[in-house]
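An overview of the molecular structure
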Amino acid sequence: GEDVEQSLFLSVREGDSSVINCTYTDSSSTYLYWYKQEPGAGLQLLTYIFSNMDMKQDQRLTVLLNKKDKHLSLRIADTQTGDSAIYFCAESPGGDKIIFGKGTRLHILP
Amino acid sequence: DTGVSQDPRHKITKRGQNVTFRCDPISEHNRLYWYRQTLGQGPEFLTYFQNEAQLEKSRLLSDRFSAERPKGSFSTLEIQRTEQGDSAMYLCASSPTGGNGYTFGSGTRLTVV
């Protein structure tokens, strides 16, 4: 089946690292994605990882993939107030449509 | 090309009326997707097109919903006999075939009163 689970809320102090976790069900997913949605805005592709990779780093973002456990995480280093948003984990079973989780709302504490 | 455009941005309609939304994808993208997002939820897949061919429809897409992409460029999503449960943000996205991830539009927010 196709299902993506992630926790709904995360609060982090400014300057700390944020880690958002996700589990997915379809082992055939070729790519796994992280999207960001700011209030009143559309979804923005943050980063993605190919299923044969374990890690991908892009500036302050680090994606870790544990394919055996179907676990994906997004680490944001030095979290800033501008990182406050909803972060969606997504999988692409069969490489066609993308299936999204319900999103994790990241709240930044001063 | 400035990205994926959706029109209108907001639509308020009375229950029972028909509504039509338009999506203009990025011009070189041959895949076009429609999603629906309700408050507190992630985007839910509705349907997608490869050029003008509609390749998959979700079971969420009842027979009151129809989507077209007649010339393989822009697409329309029509909802007939709208119900209050149709109130949501309708998102369009496009990608090249085999591309990594989509580019989303800003969405059309539908309110059925």
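Side note on the state of the cysteines
Taken as a whole and assessed by the stated rule, the structure comprises two disulfides over all chains. One disulfide in the model links Cys22 of chain A with Cys89 of chain A; its S-S distance is 1.9 Å. Handedness of the Cys22 of chain A-Cys89 of chain A disulfide follows from its S-S torsion of about -65 degrees: it is left-handed. On the criterion of sequence distance, the pair formed by Cys22 of chain A in strand E3 (residues 18–24) and Cys89 of chain A in strand E9 (residues 85–91) is long-range, its members being 67 residues apart. Judged by relative accessible area, Cys22 of chain A falls into the buried class, the value being 1%. At a sulfur-sulfur separation of 1.8 Å, the disulfide partner of Cys23 of chain B is Cys92 of chain B. Given an S-S torsion of about -70 degrees, the disulfide between Cys23 of chain B and Cys92 of chain B has left-handed geometry. Placement of the pair is Cys23 of chain B in strand E3 (residues 19–24) and Cys92 of chain B in strand E9 (residues 88–95), with a sequence separation of 69 residues.

Overview of the sheet that holds strand E8 (residues 71–76) of chain A
Sheet strands pair by backbone hydrogen bonding; their relative direction is either parallel or antiparallel. Residue and element names in this part refer to chain A. Strand order in this open sheet of five strands is E1-E3-E8-E7-E6, and the pairing throughout is antiparallel. The sheet terminates laterally at strand E1 (4–6) and strand E6 (55–58), the two strands that pair on one side only. Taking each pair of neighbouring strands and ignoring which way they run, the sheet shows an average axis angle of 15 degrees. As defined by bridge partners, strand E7 (residues 61–66) adjoins E8 across six bridges and the pair is classed as antiparallel. In the sheet register, Thr62 faces E8, and the bridge partner there is Arg75.

Some remarks on the layout of surface pockets
Picture a little ball the size of a water molecule; that probe, rolled over the atoms, points out where space is still empty. If you add up the space inside the largest pocket, you get close to 600 Å³. Surrounding the largest pocket, 29 residues form its lining, Gln37, Ile86 and Arg105 of chain A together with Leu39 and Gly40 of chain B being those nearest its centre. Looking at the lining of the largest pocket, the elements that each hand over two or more residues are E9 and strand E11 (104–109) of chain A together with E9 and strand E11 (108–112) of chain B. Of the residues in the lining of the largest pocket, the class split is 13 nonpolar, 12 polar and four charged.

Procedures and definitions
- Throughout this document, residue positions are counted from 1 along each chain, in the order its sequence is written.
- As they are written, the chains are lettered A onward and the ligands numbered 1 onward, keeping that order.
- In keeping with the predicted nature of the model, local features appear solely for residues at pLDDT of at least 70, side-chain atom pairs appear and are counted solely at 80 or more, and the whole-chain, interface and lining totals rest on all residues.
- The side-chain values count all of the structure's non-hydrogen atoms but skip hydrogen atoms and water molecules.
- Cysteine sulfur atoms that come within 2.5 Å of each other are treated as a disulfide pair.
- A helix here means a DSSP run of H or I that spans at least four residues, while a strand means a run of E at least two residues long, and both kinds are numbered starting from the N terminus.
- Only protein chains enter the accessibility calculation, which uses a 1.4 Å probe; a residue is then buried when its area is under 20% of its type maximum, exposed when over 50%, and partly exposed in between.
- Strand pairing is assigned whenever DSSP identifies at least 2 bridges connecting the two strands.
- To get an axis, fit a line to the C-alpha atoms, keeping to the stretch in contact for a helix; angles then go from 0 to 180 degrees between the N-to-C directions.
- Within this scheme a cavity is a closed region of a 1 Å grid, computed over the protein atoms alone, that accommodates a 1.4 Å probe without allowing it to escape, whereas a pocket is open but has protein on both sides within 12 Å along at least five of seven lines; lining residues each have an atom within 4 Å of a point.
- Grid points are joined across faces, edges and corners, and a volume is the space filled by probe spheres set on the points.
- Each residue receives one of three labels: charged for Asp, Glu, Lys and Arg, nonpolar for Ala, Val, Leu, Ile, Met, Phe, Trp, Tyr, Cys and Pro, and polar for the others, Gly being one of them.

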